[in-house]
Amino acid sequence: MNPEIKSHFPILNQEVNGHPLVYLDSAATSQKPTPVIAALKEYYEFDNSNVHRGVHTLGNRATEKYEGAREKVQQFINASSTQEIVFLRGTTTAINLVAQSYGRANVEEGDEIVITYMEHHSNIIPWQQLAKERGAVLKYIELEEDGTISLENVRAAITDRTKIVSMVYVSNVLGTMNPVKEVAKIAHEHGAVMMVDGAQAAPHLKIDVQDLDCDFFAFSGHKMVGPTGIGVLYGKKHLLEAMEPVEFGGEMIDFVGLYDSTWKELPWKFEGGTPIIAGAVGLAAAIDFLQEIGLDEIEKHEHHMAALAMDKMGAIEGLEIYGPKDPAKRAGIVTFNLKEVHPHDVATVLDMSGIAVRAGHHCAQPLMKWLDVTATARASFYLYNDESDIDRLVEGLRSAKEYFSDVF
Amino acid sequence: MSFNNLDQLYRQVIMDHYKTPRNKGALEEDSVNIEMNNPTCGDRIQLTLQVEDGIVKDAKFDGEGCSISMASASMMTQAVKGKDVDTALKLSGIFSDMMLGKEYDDSVDLGDIEALQGVSKFPARIKCATLAWKAMEKGVHEEEKS
């Protein structure tokens, strides 16, 4: 990976608590490069206007940029049409839309919704709510001991009563990369649809929704060097077409009568209200940035970082790493605990050394229960991290261990 | 690496409470039983109080969490035990002011609690320290209502 990449991220060039910042919390949100910040600034300084209305020039420019971003996203995930790309607030909103629209229309009493133990809360609770409302059964696919998913367990969980299978592509805790393509095939054999939570995948892997043959795919801009507040729901056209909107108001309507209204065509019927225009513009700039480097290159870099981090962190006595031991099976996420030191305390000591990691349950309480821990610390790597960041982390962890063995 | 700033947070007395918590466990005869979580980080406290005639006769806690949250729970139970409810709530108010870095009433002897003052310099950790106190306040209010 080109060492100059870091210089494109102005935020990384600062000291935190007297030390150069090492940012290892990209799985929570990524930092933003200069071209993305510049695209937002330019949009607000020159083009800002509402879209799809009015005849003035700014309105046209804003509309072109917004719809141009949609084309960019379509190519980025290889969807067959821009009609399959819905701009929403983020992955959470996208999954909720599918649960409330597709789910309510298609899931009946006694039907099954299948998810896994490694889901983020945003891919659990929308299904819990749907299952409760419809009298459906929410089923969890068991994990293997190393935190991976076996197709055998997938086959055991999915039946002819299954209507929806929803699974994370890359786990935000274990870093596991799941065989979503194979799972989609099994789901389809039983007549179920397959939803993929791609929040941790889109920033790091080349996504091809046609190759995966998933029915829905959701991801967020802010985890892939784009702005917060913009996300994408991809859905197969025939499914989206049959679905009712869940948000009603301006922008999404065709004709409004006193007692009845009709909706715009895809994808706008799902984009009620003034859309997230600047967010989409920023997301397009983020995609350009990532593609210039190359998603394959980014994925390779992350495997390398994960392998190196696991190797060096693993050498610290009393440090336990969760998830697959084989770095080839995981993305650049390393979740761990230091024996006898609570992850909050680890994170505070690291913060005092200028190193940002996440500590807590990572919005995955069922997974924490499965791991039999109440909380963990997590270091997540992205394209701007390099080997020196791992060295700083390891040094910080050793100091944390030493510090707490002294005070104990 | 030296961590002078950390020493303000992890004072000896805090680590002592963390290592050997006072009043750990659950009361067999409780009048108040409160469970409270810190949803963002997974800290959990189960607080049992025995309140009689407006006095906190006994207090115990159980739970899981970081050094700050568990030490604070230990100190809280120690501080409120034997006090009347108004005093316990007053202490909670003083503690809250202390955490927010406000001027606080120092006419009351705070004992070990004073050691937690350094937490106010670590904004991300304030909620760890206040969890047990919030549980106590909630418990006392519920008791008053019943």
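- Going by what an unreviewed UniProt entry lists, chain B is known as SUF system NifU family Fe-S cluster assembly protein and is assigned to Planococcus maitriensis.

- As annotated in an unreviewed UniProt entry, chain A carries the name Cysteine desulfurase and is attributed to Planococcus maitriensis.
- If you open the UniProt record of chain A and go to Cofactor (unreviewed entry), you find "pyridoxal 5'-phosphate".
- Under the UniProt heading Catalytic activity (unreviewed entry), the note attached to chain A is "(sulfur carrier)-H + L-cysteine = (sulfur carrier)-SH + L-alanine".

## Things to note about the packing of helix α2 (residues 57–76) of chain A against helix α9 (residues 277–293) of chain A
Residues and elements named next belong to chain A.
No. 1: Direction vectors running N to C along α2 and α9 enclose 40°, while the axes themselves pass 8 Å from each other. Classed by the angle they form, the pair α2 and α9 counts as oblique. As α2 packs across α9, the resulting crossing turns out to be left-handed. Contacts between α2 and α9 involve A62, K65, Y66, A69, K72, V73 and F76 on the former and, on the latter, I277, A280, V281, L283, A284, I287, D288 and Q291.
No. 2: Here the residues of the contact of α2 with α9 are counted per class, giving 11 nonpolar, one polar and three charged.

## Section: the sheet that holds strand β17 (residues 376–380) of chain A
All names here are of chain A.
No. 1: Judged by pairing direction, the sheet is antiparallel, and its four strands sit side by side in the order β13-β14-β17-β16 without closing on themselves. Lying at the two open borders of the sheet, with one neighbouring strand each, are β13 (319–322) and β16 (358–360). Pairs of neighbouring strands in the sheet enclose a mean axial angle of 30°, with direction left out of account.
No. 2: Where strand β14 (residues 333–338) lies against β17, four bridges are found, and the strand directions are antiparallel. Counted as the bridge partner of T335 is R378 from β17.

## Thoughts on the interface of chain B and chain A
No. 1: On the chain A side, the residues contacting the 24 residues of chain B number 19 residues.
No. 2: One can count one salt bridge joining chain B with chain A.
No. 3: One salt bridge connects D345(A) with R125(B), and the closest N-O pair in it is separated by 2.7 Å.
No. 4: At the boundary of chain B with chain A, the tally comes to eight residue pairs in polar contact (both at pLDDT 80 or more).
No. 5: Counting residues per element, the ones that place at least two in the side of chain B that touches chain A are α1 (4–9), α2 (12–19) and α3 (67–80) of chain B.
No. 6: Along the lines of polarity and charge, the residues of the side of chain B that touches chain A split into 13 nonpolar, six polar and five charged.

## Quick look at the domain arrangement of chain A
Residues and elements named next belong to chain A.
No. 1: Parsing chain A into structural domains produces domain 1 (3–24 + 295–403) and domain 2 (36–291).
No. 2: With centres defined by C-alpha atoms, the gap from domain 1 to domain 2 works out at 28 Å.
No. 3: On the domain 2 side, the residues contacting the 32 residues of domain 1 number 34 residues.
No. 4: Summed over both sides, the interface between domain 1 and domain 2 buries roughly 2,600 Å², with carbon and sulfur atoms accounting for 66% of that surface.
No. 5: Applying the counting rule to domain 1 against domain 2 returns one salt bridge.
No. 6: Note that D296 is salt-bridged to K206, the shortest N-O span being 3.5 Å.
No. 7: Taken together, the connections running from domain 1 to domain 2 amount to 11 residue pairs in polar contact (both at pLDDT 80 or more).
No. 8: Listed by contribution, the elements that provide at least two residues to the side of domain 1 that touches domain 2 are α10 (295–314), β14 and α12 (365–371).
No. 9: Residues that form the side of domain 1 that touches domain 2 fall into these classes: 19 nonpolar, seven polar and six charged.

## Quick look at the UniProt feature "domain: Aminotransferase class V" (unreviewed entry) in chain A
No. 1: Look at the UniProt record and you will see "domain: Aminotransferase class V" (unreviewed entry) annotated at residues 22–393 of chain A.
No. 2: The annotated region residues 22–393 of chain A carries 40% helix and 17% strand content, and the separation between its end C-alpha atoms amounts to 8 Å.

## Here's the deal with the packing of helix α1 (residues 34–47) of chain A against α2(A)
Residue and element names in this part refer to chain A.
No. 1: For the pair α1 and α2, the least separation of the axes is 10 Å and the interaxial angle reads 155°. Taken together, the axes of α1 and α2 lie roughly antiparallel to each other. Across the interface between the two elements, E42, Y43, F46 and D47 of α1 pack against L58, R61, A62 and K65 of α2.
No. 2: Classifying every residue of the contact of α1 with α2 by side-chain character gives four nonpolar, no polar and four charged.

## Overview of the pattern of salt bridges
No. 1: All chains considered together, the criterion is met by 29 salt bridges over all chains.
No. 2: A salt bridge links E271(A) to R70(A), with the shortest nitrogen-to-oxygen separation between them at 2.8 Å. Of this pair, E271(A) sits in the loop between β12 (261–263) and α9 while R70(A) sits in helix α2, and the two are 201 residues apart along the sequence. Grouping residues by exposure puts E271(A) and R70(A) together as buried.
No. 3: The residue K90(B) makes a salt bridge to D105(B) at a minimum N-O spacing of 3.7 Å. With K90(B) in helix α4 (residues 85–99) and D105(B) in the loop between α4 and α5 (126–145), the pair connects residues that are 15 residues apart, well separated along the chain.
No. 4: Relative accessible area serves as the criterion here: at 31%, D105(B) is assigned to the partly exposed category.

## Details of the UniProt feature "domain: NIF system FeS cluster assembly NifU N-terminal" (unreviewed entry) in chain B
No. 1: According to UniProt, the "domain: NIF system FeS cluster assembly NifU N-terminal" (unreviewed entry) feature falls on residues 10–128 of chain B.
No. 2: Taken as a whole, residues 10–128 of chain B contains 34% helix and 23% strand, while its terminal C-alpha atoms sit 13 Å from one another.

## Thoughts on the pairing of β14(A)
Residues and elements named next belong to chain A.
No. 1: Most of β14 sits inside the fold, with six of its six residues counted as buried.
No. 2: The two faces of β14 match: I333, T335 and N337 on one face and V334, F336 and L338 on the other face are all buried.
No. 3: Across four bridges, β13 lies against β14 in antiparallel orientation. When the sheet's bridge partners are listed, L319 is paired in β14 with L338.

Rules of the game
- Residues numbered from 1 in each chain as written.
- Chains lettered and ligands numbered in written order.
- Predicted model: local features only at pLDDT ≥ 70, side-chain atom pairs only at ≥ 80, totals over all residues.
- Heavy atoms only, no water.
- UniProt positions renumbered as here; feature names shortened; annotations may be inferred.
- Axes fitted to C-alpha atoms, helices over the stretch in contact; angles between N-to-C directions.
- Helix = DSSP H or I, 4+ residues; strand = E, 2+ residues; numbered from the N terminus.
- Parallel < 35°, antiparallel > 145°, perpendicular 65-115°, else oblique.
- Left-handed = near helix turned anticlockwise from the far one by under 90°.
- Contact = heavy atoms within 4.5 Å.
- Nonpolar A, V, L, I, M, F, W, Y, C, P; charged D, E, K, R; others polar.
- Pairing = 2+ DSSP bridges.
- Salt bridge = Lys/Arg side-chain N within 4 Å of Asp/Glu carboxyl O.
- Polar contact = N/O pair within 3.5 Å; in protein donor to acceptor, adjacent residues only side chain to side chain.
- Domains from an automatic or database assignment.
- Buried area = accessible area lost by both parts, 1.4 Å probe.
- Buried < 20%, exposed > 50% of the residue type's maximum accessible area, 1.4 Å probe, protein only.

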